[in-house]
Each structure stands twice: as C-alpha cells, then as structure tokens.
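# Structural characterization, general
In case you want the letters, here they are:
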Amino acid sequence: MRRLKKAFLLPIRKVSYALNLLKIYYWADRQLSDLWRVTVLPMVYYHGLYHMSMWLSDHGACRRLADRVIHTIPYYIRFEIS
C-alpha cells in the first residue's frame, strides 16, 4: 500500500510544481515525507539495473548510457548493492 501511495503522489508533486500549484505541491510533499525510504519498484529491478550499468561501463562506447542508467537508482539502494 505504501508503494502505491508513493507511486501516486510523486507525479502529483512533480506536475503541481510545474504548474505552480504550490498548495498541492506542499500537500503532496508532506504526504511523502515519511515515504522517502519506500522503494516503488522491487529490489530485483534495482539489482538488474546496477549489474547492467556495470556491464555497460566496461564497454567504452556505452559509458554515457551506463552513467544514465546507474543514476536512475536511488542513492541508498545503490550503496546497499555495491
């Protein structure tokens, strides 16, 4: 339930900031305050992304893609995996 709540509130927060609807933005941010450590996707997905980015970084032509892939993983998960 917490994953679903976070998956629902993150786009609301982002769109409300882009549209300058600050009351909705701050409401969504307050609702998300205790959900920052909740991962929306399962850990298997993040493990796969991490290993794929390490594999891509070995190839010289794919380093930019590997950098982009590894930065989609949240910091605390990235440090747990490595």
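The structure we're discussing is the one just above.
Residues numbered from 1 in each chain as written. Predicted model: local features only at pLDDT ≥ 70, side-chain atom pairs only at ≥ 80, totals over all residues. Heavy atoms only, no water.

### Observations concerning the overall build of the protein chain
The helix and strand inventory of the protein chain stands at five helices and zero strands. On the principal axes, the C-alpha backbone points of the protein chain span a range of 45 × 25 × 15 Å. Within the protein chain, counting contacts between residues at least 6 apart in sequence, those at least 24 apart form 49% of the total. When the accessible surface of the protein chain is totalled, it reaches about 6,300 Å², and 63% of it is carbon and sulfur. (Helix = DSSP H or I, 4+ residues; strand = E, 2+ residues; numbered from the N terminus. Contact = heavy atoms within 4.5 Å. Areas by Shrake-Rupley, 256 points an atom, 1.4 Å probe, with all protein chains shown as cover.)

### With respect to unusual backbone geometry
A positive phi angle, close to 60°, is found at Asn20, a residue other than glycine. Looking at where Asn20 falls in the secondary structure, it is placed in the loop between helix H1 (2-18) and helix H2 (22-32).

### A closer look at helix H3 (residues 43-58)
Across its 16 residues, H3 extends 23 Å between first and last C-alpha, which sits within 8% of the 22 Å expected from 1.5 Å per residue. Lining the buried residues of H3 we find helix H4 (63-70) and helix H5 (75-81). (Expected span 1.5 Å × (residues − 1).)

### Section: the environment of Phe8
Within the secondary structure layout, Phe8 lies in helix H1. Residues Phe8 and Leu21, spaced 13 residues apart in sequence, show a C-alpha to C-alpha distance of 17 Å.

### A look at H4
Every buried residue of H4 is accounted for by Ala66, Val69 and Ile70. For H4, the arc enclosing every buried residue in end-on projection is 90°, short of the 170-degree limit, so these residues lie on one face. Turned more than 90 degrees from where H4 packs its buried face, Arg64 and Arg68 sit exposed. Summarising the contacts, the buried residues of H4 are in contact with H3 and H5. (Buried < 20%, exposed > 50% of the residue type's maximum accessible area, 1.4 Å probe, protein only. Arc of directions from axis to C-beta.)

### Section: the packing of aromatic side chains
Enumeration according to the criterion identifies four aromatic pairs in this entry. Ring plane angle 70° and centroid distance 5.2 Å describe the contact between Tyr25 and Tyr26, whose orientation is recorded as edge-to-face. With centroids separated by 6.2 Å and ring planes inclined at 15°, the aromatic side chains of Tyr75 and Phe79 adopt a geometry described as stacked. You can see Tyr75 and its partner Phe79 sitting in helix H5, four residues apart, about one turn around the helix. This pair shows no difference in class: Tyr75 is exposed, exactly as Phe79 is. A connected cluster of aromatic rings, assembled from ring pairs, spans Tyr17, Tyr25 and Tyr26. (Phe/Tyr/Trp six-rings, centres within 6.5 Å; stacked < 30°, edge-to-face > 60°.)

### Concerning the pattern of salt bridges
Within this structure, the stated rule accounts for one salt bridge. For the salt bridge of Asp29 with Arg13, the shortest nitrogen-to-oxygen distance reads 3.1 Å. Here Arg13 lies in helix H1 and Asp29 lies in helix H2, a separation of 16 residues in the sequence. Residue classification places Asp29 among the partly exposed residues on the basis of a relative accessible area of 25%. (Salt bridge = Lys/Arg side-chain N within 4 Å of Asp/Glu carboxyl O.)

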